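# Commentary on secondary and tertiary structure
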Amino acid sequence: MPTWNSRGLRGSALEEFINRTNEKYLEHGLALIQKIPTPITPIKIEKESRHITLAYFDQKSTVDYIGAVQGIPVCFDAKECHTNTFPLQNIHEHQVLFMKNFEAQGGIAFFLISFTSRDEFYYLRLEKLMEFWQRTKDGGRKSFRYEELEPEYFFQSKGGILVPYLDALQKDLHGRD
């Protein structure tokens, strides 16, 4: 079974930014989005501090966040990328299957990617991810490059909102009409 360690904390800054963004969206009545905790079973706990130092994941997680934006069900996962190439091995098949099933039920599924070296965020539509996913299955690249992404889905922090993804979600919705 996979074990939990400090490697699992990658992206924790991004998740904290998204959590704060979601709090702002809730305060303004725009969205109700919750972080889905990854269920773990502790194996080793420090007695004095009561900190978990070793654990295993109980089950495969699906997505990081789920909720509703003005009546529209949404789910998404947050990923960090420190270079201009994103390895698809960072996205798991069970996540993709969950997202496809979520959209089949009328929801919107996407990934939020933080390109840390560029200080930019990207809203990766599930449909766009599926193009890269299929390319990999067909024997092509096992990653995608920054340059391959849709320019209109890049965004930056603005107006006190750390990860303002609702504008990109709106573009995605309009593109589906």
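Please refer to the structure placed before this passage.
Scoring rules and cut-offs
- Residues numbered from 1 in each chain as written.
- Predicted model: local features only at pLDDT ≥ 70, side-chain atom pairs only at ≥ 80, totals over all residues.
- Heavy atoms only, no water.
- Helix = DSSP H or I, 4+ residues; strand = E, 2+ residues; numbered from the N terminus.
- Pairing = 2+ DSSP bridges.
- Contact = heavy atoms within 4.5 Å.
- Axes fitted to C-alpha atoms, helices over the stretch in contact; angles between N-to-C directions.
- Core = buried A, V, L, I, M, F, W, Y, C linked by side-chain atoms within 4.5 Å.
- Buried < 20%, exposed > 50% of the residue type's maximum accessible area, 1.4 Å probe, protein only.
- Polar contact = N/O pair within 3.5 Å; in protein donor to acceptor, adjacent residues only side chain to side chain.
- 1 Å grid on protein atoms, 1.4 Å probe; cavity = no way out; pocket = protein on both sides within 12 Å on 5 of 7 lines; lining within 4 Å.
- Points joined across faces, edges and corners; volume = space filled by probe spheres on them.
- Nonpolar A, V, L, I, M, F, W, Y, C, P; charged D, E, K, R; others polar.

Turning our eyes to something else, we now look at the environment of Pro 151. Summarising the element assignment, Pro 151 is placed in the loop between β10 (143-145) and β11 (154-155). The spatial distance from the C-alpha of Pro 151 to the C-alpha of Tyr 122 is 8.9 Å, given a sequence separation of 29 residues.

Backbone-to-backbone hydrogen bonds pair the strands of a sheet. The strands run either parallel or antiparallel. Here 6 strands make up an open sheet; going across it, the order is β2-β5-β6-β8-β9-β11 and the pairing mixed. The strands lining the two open edges of the sheet, one partner per strand, are β2 (31-35) and β11. In the sheet, strand β5 (residues 65-69) pairs with strand β6 (residues 72-81) via 5 bridges, with the strands oriented antiparallel. Residue pairing across strands places Val 69 opposite Ile 72, the latter belonging to β6. Sheet contacts for helix α3 (residues 126-137): β8 (108-115) and β9 (120-125); angle to β9, the most-contacted strand, approximately 80°.

This part covers the nonpolar core. If you look at the biggest cluster of nonpolar residues, it comprises 46 residues, and the most contacted ones within it are Phe 110, Leu 112, Ile 113, Tyr 123, Leu 124, Leu 129 and Tyr 165. At 7 residues, the largest contribution of residues to this core is made by β8.

What follows concerns the side chain of Glu 148. Counting through the fold element by element, Glu 148 comes out in the loop between β10 and β11. Classification of Glu 148 by relative accessible area gives buried; the value is 19%. At a separation of 2.7 Å, a polar atom in the side chain of Glu 148 contacts the main-chain amide nitrogen of Arg 145. Contact partners of Glu 148, with chain neighbours within four places excluded, come to Lys 128, Phe 132, Arg 135, Arg 141 and Ser 143.

In this model, the second largest pocket occupies a volume close to 280 Å³. As for the second largest pocket, its lining consists of 15 residues, and the residues nearest its centre are Leu 30, Val 69, Leu 166, Asp 167 and Gln 170. A total of 6 residues in the lining of the second largest pocket trace back to one element, the largest contributor, which is helix α4 (residues 166-176). Looking at the lining of the second largest pocket, its residues break down into 10 nonpolar, 3 polar and 2 charged.

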